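# Architecture at a glance
Each chain, written out:
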Amino acid sequence: MTTSENLVLVINCGSSSIKYQLLEPQSGEVAASGLVERIGEDDSAVEHHCGRRVLERSGRIPDHRAGLQQVFELFDETGFDLAGAGLRAVGHRVVHGGEVFHEPTPVTDEVVATILALADLAPLHNPPNAIGIESVRELLPGVPQVAVFDTAFFFHLPAAAATYAIDRKVAAEYGIRRYGFHGTSHEYVSGRAAEFLGRDPKQLRQIIFHLGNGASASAVRGGRPIDTSMGLTPLEGLVMGTRPGDLDPGILGHLAHAGGFDVERIDELLNRESGLKGMAGVNDFRELRRLIDAGDENARLAYDVYVHRLRRYLGAYLVALGGVDVITFTAGVGENNPDVRADALAGLSAFGIEVDQELNTSEDRSARRISPPDAPVAVLVVPTNEELAIARAASRVVTSA
Ligand code: ADP
């Protein structure tokens, strides 16, 4: 039975947004959820879902604290007093755990200070994450808070996969290594894939493609990651909505010398003006498809670059793992775009990798197999659920405390 003592509030403070869910960690049942957008601008907006009710608010929200305050008021309006409910825990998504955090961690003053001290590595994300934690500690005194790090799953990557080939003294001084991101999703999805197949994760070699606005791949053996495509920051690896993924680092020096680009301009280019958006003018795959169907050549090329990069990582991980048992697609594009899945895996039957067209284009949205039942490699689509994974992690930490 769902009582408020079983519920966990999950909070994800982005650079200008707050996503939240109140849910029951065992069943995954969601009691309420919502989104605060465009924090710091004049047209901030809040959308709060509670059962069948949807409440909307608009008007300037100056900062994350004010955003959370408003979320708490919306809970009140729907008859749910968060402060009085005796919630089990609050789980916070924190982007960068650096070399410090490698598991869900109960929040203390020192933990918040360390998250802030790691802001050099994630300037857009760690500060709002810390502000979110501090605000909720004030708003919900006495409710245990747990930080769940996006980098944690990849903390123990083998050194050969985690190390950049630069001067090791420089690397050590500036914390330069491959940290990896989307770890909560890769961990959850690799576990769900094994569960779906009824197999022991310890026996499986898995490749996971998390393809959302941000995109990353991982190679997982025996339940532990051995490689991942994102690095020091979430810029490396696959082509993304607005980020380029892998680049020749010489490009940056060239832009500085030939174009007078400074660090801020380069940051803008790489974070907001690259990827599908940079190549085709749009970052949403549905719009990209419309442009391709209308004969837009830039859109076609952007799609081909996207798929080519996926196949490169697939090949690399196939070899790194010494073969693969399961390939899983997840997140917005991975779950909803059959073309990307089919094109990424086309012509690989020599490797035991096949996609069944009918299964691939089915309307089913639950975890499912899209390879023929007798194909040696299981190709799956598994919906990710980072909120549930965070809620379960937070609940686990509180129980064992
Ligand atoms: P993030 O959490 O990284 O912001 P999501 O995992 O929600 O991203 O993925 C967002 C992307 O997924 C969108 O930009 C869009 O390209 C793609 N997407 C979402 N729904 C669909 C759909 N029904 N068909 C095709 N692409 C979709």
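It should be noted that the structure appears before, not after, this text.
Quick look at the structure, then. In this text the structure is predicted, and so the values were computed from the model without any measurement.

Moving on: the nonpolar core. Ranked by internal contacts, the top residues of the largest apolar core, which has 44 residues, are Phe209, Leu211, Leu288, Tyr306, Ile327 and Ile353. Broken down by secondary-structure element, the contributors of at least two residues to this core are strand E9 (205-211), strand E10 (215-221), helix H9 (275-280), helix H10 (285-293), helix H11 (297-321), strand E12 (326-330), helix H13 (338-344) and strand E14 (378-381). Here this core takes 11 residues from H11, the largest share from any one element. Contacts of Ile327, omitting those with residues within four sequence positions, involve Ile207, Phe209, Leu314, Leu345, Ile353, Val377, Ala378, Val379 and Leu380. Among the nonpolar cores identified, the runner-up in size contains 29 residues, and Leu204, Ile208, Ala378 and Ala393 belong to it.

Let's shift gears to the site of the ligand. Gly212, Asn213, Gly214, Asn283, Asp284, Phe285, Arg286, Ala331, Gly332, Val333 and Asn336 make up every residue found near the ligand. For the ligand, a nitrogen atom lies 3.4 Å from a polar atom in the side chain of Arg286. Contact distances for the ligand include 3.3 Å between an oxygen atom and a backbone N or O atom of Val333. Contact with the protein chains removes 67% of the 580 Å² of surface that the ligand exposes when unbound. Listing elements by their share of the shell around the ligand, those giving two or more residues are H10 and helix H12 (331-336). Here the element with the most residues in the shell around the ligand is H12; it accounts for four residues. A class-by-class count of the residues in the shell around the ligand yields three nonpolar, six polar and two charged.

Strand order in this open sheet of six strands is E11-E10-E9-E12-E14-E13, and the pairing throughout is mixed. Only two strands of the sheet have a single partner each, and these edge strands are strand E11 (224-228) and strand E13 (368-369). Where E10 lies against E11, four bridges are found, and the strand directions are antiparallel. Each residue of the ladder has a partner; that of Val220, found in E11, is Pro225. Relative to E9, H11 is tilted by about 160°, and along the sheet it contacts E9, E10, E11 and E12.

Criteria and cut-off values
Here the residue numbers are simple positions, counted from 1 along each chain's written sequence. Selection of residues for local features in this predicted model requires a pLDDT of at least 70, selection of side-chain atom pairs for listing and counting requires 80 or more, and totals for whole chains, interfaces and linings are taken over all residues. Only heavy atoms go into the side-chain values, all of them from the structure, while hydrogens and water stay out. Definition used in this section: a nonpolar core is a set of buried Ala, Val, Leu, Ile, Met, Phe, Trp, Tyr and Cys residues joined via side-chain atoms within 4.5 Å. Burial here depends on accessible area, computed with a 1.4 Å probe over protein chains only, as a share of the maximum for the residue type. Under 20% is buried, over 50% is exposed, and the range in between is partly exposed. Secondary structure elements follow DSSP: runs of H or I no shorter than four residues count as helices, runs of E no shorter than two count as strands, and numbering proceeds from the N terminus. Every residue pair with non-hydrogen atoms within 4.5 Å of one another is taken to be in contact. To be near a molecule or strand, a residue needs just one of its heavy atoms within 4 Å of it. Here a polar contact is taken to be a pair of N or O atoms separated by no more than 3.5 Å, where protein atoms must pair a possible hydrogen donor with a possible acceptor and residues adjacent in sequence count only if both atoms sit in side chains. All accessible-area figures derive from a Shrake-Rupley calculation using a 1.4 Å probe, and residue coverage is judged against the displayed protein chains alone. For this classification, Asp, Glu, Lys and Arg are treated as charged, while Ala, Val, Leu, Ile, Met, Phe, Trp, Tyr, Cys and Pro are nonpolar and the rest, including Gly, are polar. In this scheme, strands are said to pair when DSSP sees at least two bridges between them. All axes here are fitted lines through C-alpha atoms, helices being fitted over the stretch that makes contact, and every angle between N-to-C directions spans 0 to 180 degrees.

What is shown is where atoms sit, not what they do.
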